[in-house]
Amino acid sequence: MADIIQLLPDSVANQIAAGEVIQRPASVVKELVENAIDAGATQIKVNIKDAGRTLIQIIDNGCGMSDTDARMAFERHATSKIRTASDIFAISTMGFRGEALASVAAIAEVELRTKEHDQELGTFIHISGSSIITQEPVRCDNGTNFQIKNLFFNVPARRKFLKSNPAELKHIINEIQRIALANPEISISLHHNGSAIYELSGTNKRVRIVSMFGKNINQNLIPLDTDTSVVKITGFIGQPKHAKRTFGEQFFFVNKRYMKHPFFNKAVMQSFEKILPPDSFPSYFIYFDLDPADIDVNIHPTKTEIKFENESAIWQILQASIREALGKFNIVPSIDFDQAGSLDIPMPLHHFGDVKAPEIKVDPTYNPFETSSSSKSYSGSGGNSSSRPIERPGLTNWQSLYKGLEPNFDEKPEKQEDEPVQFRMEEQQTTKNSVQFKNKYILTPVKSGLMVIDQKRAHERILYERLMLVLENNEVASQQQLFPETFELNASDATLLTSILPELHALGFDIRDFGKNSFIINGTPGVLNTSSPIEVIESLLEEYKNSPANLQEKARETVAISLAQASAIPYGQTLKPGEINELIDNLFACQTPNFSPKGKKILSIMPLDDFEKLLK
Ligand code: ADP
Ligand code: MG
């Protein structure tokens, strides 16, 4: 039989290797900017066109390359950063496997202009799909200028796999964000299609954070500073009261490199325990510096997880450092949330006589929307908004659930059929005996037992269906702000907001881009009746960022979902009896009362039998 094994041609081998290193335009940006940092650059400019599809240009003022090195740099395993295997245990540069440039050259057109500082002339190299097209001397600036064009031109599968331009640009911004935070002393700019996203001059950590996340963050930063023989910890944690509804501004760096570390993240979250509002996440920018020999660098270059030798010691030091910082700022745990504000159902502890129904006093004449103009109502149907009661044929008879439900526990419960619960209302009347529990759930007796409703998810569902109705019917109703408010976002949030402005307009937001990452809100959707539109926009962006990427393609729906989540009554908010009833009414007027827009269970029924069993 003939021999069939062959060595792969270099160009093919490089293309395969490229699949690992270069997944998307952002990977190219990361690799090339890291190379520039390793080359000692103090100024790095990044210019992007079409989210990196057509052009990624990185210009640095680093050491540059000789003409031989410039050619060598594109060979696989070509690196100036390690010479012996033992070097990799003491590595302090970003790259060391010598794969990035070979990979990029295999799947794009690369033009390189580079010059060492003591040379008269530099080198120009043009490579396409791993083959050198030109190499010649050139007049150019000190340092290195890479232009990567037509990324993935010869890998159609990869090209197809790319997301929308805003999504790819977002990845690029994320990479630059991490690198810029890790290296505040380096000047970095990022331009997309000619307009500036970042123009950051070299500075310290605090100023860098503020110039990236807006000046509002400044007074919110609590410094960390702990130096031990194991590790040095510096950076900042955010004040608990400014914690976000979803994680976003959480960054760990180790030896000037961004890392993800779920275990240390847990340590941070634990240190904040009891001082954070429920369901919120603190911001942090935490920098670890330690001997490179104590971390495992022998991992894939694109991976952001890092292993530490002294993980549990560092955990302790990290927590101590955070607690000390919080202590200095006089932030102490507040009283247990559970003890305040929750409504206890009056219940006789020992009684062997007559069983009486729990009594909840309800004022039948009470109308929560008549009097309390000062108190904040969760409702979307109150106020002067244009919303109207939602009438859906066939959906107004959910109350049969409650029919025959006299709170008379002396009686033996009638036998329950085991049929799936149908939420239909027979007549329009509200139940007066629902209560809020732990400021999170609504408990309401139904025929077959006790129904538990998640208050936030229920309200998300209600708002979501209203918003979708606005979209379907094209009935934009905007509530004009008395005092238009301006706000500033960090660059990546600003890009994101700009990309979803059309959807927000369709929903009734009147927001205008003012340039320089600032915006003005003139109006909000009528169905929301919100008093703090900027907060809603901020949480909307957080929710949107955390939506799965495939959902983000369906922008309108995703924006509606995110908006519903951002403006729903939060956990921890006490509801008045009238509000509880209105929430239940509105929930069961929905088409899908059982599930939140993200598909989570809104309600469940604890069957009477279970109560019987409990007390056996
Ligand atoms: P690695 O960074 O792992 O060494 P790369 O493929 O990213 O591998 O780069 C190969 C080599 O090219 C580097 O080791 C370095 O010597 C050189 N190089 C790459 N980018 C630059 C740059 N911007 N300035 C100077 N030298 C560079
Ligand atoms: Mg590299």
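Residues numbered from 1 in each chain as written. Chains lettered and ligands numbered in written order. Predicted model: local features only at pLDDT ≥ 70, side-chain atom pairs only at ≥ 80, totals over all residues. Heavy atoms only, no water.

Novice: Go over the sheet that holds strand β11 (residues 250–254), please, and point to the residues and values.
Specialist: With respect to topology, 5 strands assemble into an open sheet ordered β9-β10-β13-β11-β12, the strand pairing being mixed. With partners counted over all chains shown, the strands left at the sheet margins are β9 (221–227) and β12 (257–259), one partner each. Averaged over all adjacent pairs, the angle separating strand axes in this sheet is 20°, with direction ignored. As paired strands, β11 and strand β13 (residues 284–289) are joined by 5 bridges and run parallel to one another. Directly across from Phe252, in β13, lies its bridge partner Ile286. Each of β11, β12 and β13 is contacted by helix α6 (residues 165–182), which is oriented at about 55° to β11, the strand it contacts most. Seen against the sheet, helix α8 (residues 262–271) touches β11, β12 and β13 and runs at an angle of roughly 125° to β11. (Pairing = 2+ DSSP bridges. Helix = DSSP H or I, 4+ residues; strand = E, 2+ residues; numbered from the N terminus. Axes fitted to C-alpha atoms, helices over the stretch in contact; angles between N-to-C directions. Contact = heavy atoms within 4.5 Å.)

Novice: An account of the pattern of salt bridges is needed here, citing residue identities and associated values.
Specialist: Overall, the coordinates contain 14 salt bridges when judged by the stated rule. A single network of salt bridges, built from pairs that share partners, joins Glu111, Arg113 and Lys149. (Salt bridge = Lys/Arg side-chain N within 4 Å of Asp/Glu carboxyl O.)

Novice: Please provide a residue-by-residue account of the packing of aromatic side chains, values included.
Specialist: The geometry of an aromatic ring pair is captured by the separation of the ring centres together with the interplanar angle, meaning the angle of the planes. According to the stated counting rule, one finds 17 aromatic pairs in the structure shown. A centroid spacing of 6.1 Å and a plane angle of 0° characterise the contact between Phe251 and Phe253, whose relative ring orientation is stacked. When the centroid spacing of 5.6 Å and the interplanar angle of 50° are considered together, the rings of Phe252 and Phe288 count as tilted. Of this pair, Phe252 sits in strand β11 while Phe288 is found in strand β13, placing the two residues 36 residues apart along the sequence. Each member of the pair, Phe252 as well as Phe288, is classed as buried. Chaining the aromatic ring pairs together yields one cluster made of Phe252, Phe263, Phe264, Tyr284, Phe288, Phe308 and Trp315. Here the basic side chain of Arg158 rests over the ring of Phe161, its NZ or CZ set 6.0 Å away from the ring centre. Between the NZ or CZ atom of Lys440 and the centre of the ring of Tyr571, over which it lies, the distance is 4.8 Å. (Phe/Tyr/Trp six-rings, centres within 6.5 Å; stacked < 30°, edge-to-face > 60°. Buried < 20%, exposed > 50% of the residue type's maximum accessible area, 1.4 Å probe, protein only. Lys NZ or Arg CZ within 6 Å of the ring centre and 35° of its normal.)

Novice: I'd like a description of the sheet that holds strand β3 (residues 109–115), backed by residues and values.
Specialist: Spatial strand order, β5-β4-β3-β6-β2-β1-β7-β8: 8 strands in an open sheet with mixed pairing. Edge positions in the sheet fall to β5 (131–138) and β8 (195–200), since each of these pairs with one other strand and no more. The sheet shows a mean angle of 10° between the axes of neighbouring strands, taken without regard to direction. Across 6 bridges, strand β1 (residues 43–49) lies against strand β2 (residues 55–60) in antiparallel orientation. Paired with Val46 across the bridge in β2 is Ile58. Where α6 meets the sheet, it contacts β1, β7 (187–192) and β8, and its direction lies at approximately 175° from that of β7.

Novice: Quick rundown of the site of ligand 1? Include the residues and the values.
Specialist: Taken together, 20 residues are adjacent to ligand 1, and Asn35, Thr79, Ser80, Lys81 and Gly98 come closest. Between Leu101 and ligand 1, the recorded distance is 2.9 Å, taken from a backbone N or O atom to an oxygen atom. Contact between ligand 1 and Thr144: a nitrogen atom at 3.3 Å from a side-chain N or O atom of the residue. Taken by itself ligand 1 offers 530 Å² of open surface, and the protein chains cover 93% of this. Residue composition of the shell around ligand 1, grouped by class: 9 nonpolar, 7 polar and 4 charged. (Near = heavy atom within 4 Å. Polar contact = N/O pair within 3.5 Å; in protein donor to acceptor, adjacent residues only side chain to side chain. Areas by Shrake-Rupley, 256 points an atom, 1.4 Å probe, with all protein chains shown as cover. Nonpolar A, V, L, I, M, F, W, Y, C, P; charged D, E, K, R; others polar.)

Novice: Residue-level account of the packing of helix α11 (residues 491–507) against helix α14 (residues 555–567), with values.
Specialist: Close contact between α11 and α14 brings their axes to 9 Å; oriented N to C, the two are set at 65°. Taken as axis vectors, α11 and α14 run roughly perpendicular relative to one another. Judged by the sense of rotation from one axis to the other, the crossing of α11 with α14 is right-handed. Listed contacts from α14 to Ile500, Glu503, Leu504, Ala506 and Leu507 of α11 are Ala555, Arg556, Val559, Ala560 and Leu563. (Parallel < 35°, antiparallel > 145°, perpendicular 65-115°, else oblique. Left-handed = near helix turned anticlockwise from the far one by under 90°.)

Novice: Can you tell me about the pairing of β8, naming the residues and giving the values?
Specialist: Bridge analysis of β7 against β8 gives 5 bridges, and the strand direction is antiparallel. Of the residues in β8, the one forming a bridge with His192 is Ser195. The turn joining β7 and β8, which pair antiparallel and follow one another in sequence, is formed by 2 residues; a positive phi near 45° is taken by Asn193.

Novice: Break down a nonpolar patch on the surface for me, with residues and values.
Specialist: Together, Leu8, Val12 and Ile16 line one region of the surface with nonpolar side chains, adding up to about 270 Å² of accessible area. As for its placement among the helices and strands, Leu8 is situated in the segment before α1 (10–21). Look at Leu8 and you get exposed, because its relative accessible area is 51%. (Patch = residues over 30% accessible without salt bridge, like charges linked within 9 Å, V, L, I, M, F, W, Y side chains within 5 Å.)

Novice: Run through the side chain of Lys115, naming residues and quoting values.
Specialist: Tracing the chain through its elements places Lys115 in strand β3. Buried within the structure, Lys115 lacks any salt-bridge partner; Glu120 is the closest side chain of opposite charge, at an N-O distance of 6.6 Å. The contact partners of Lys115, leaving out residues within four places of it in the chain, are Cys63, Gly64, Met65, Glu120, Leu121, Gly122, Cys140, Asp141, Asn142 and Gly143. (Lys, Arg positive; Asp, Glu negative; His and termini not counted.)

Novice: Give me the lowdown on the environment of Leu563, citing residues and values where you can.
Specialist: For Leu563, the position within the fold is in helix α14. Along the sequence, Leu563 and Leu528 sit 35 residues apart, while their C-alpha atoms lie 9.2 Å from each other. Every residue in contact with Leu563, bar those within four places of it in the chain, is listed here: Leu467, Leu507, Phe509, Pro525, Leu528, Val536 and Leu540.

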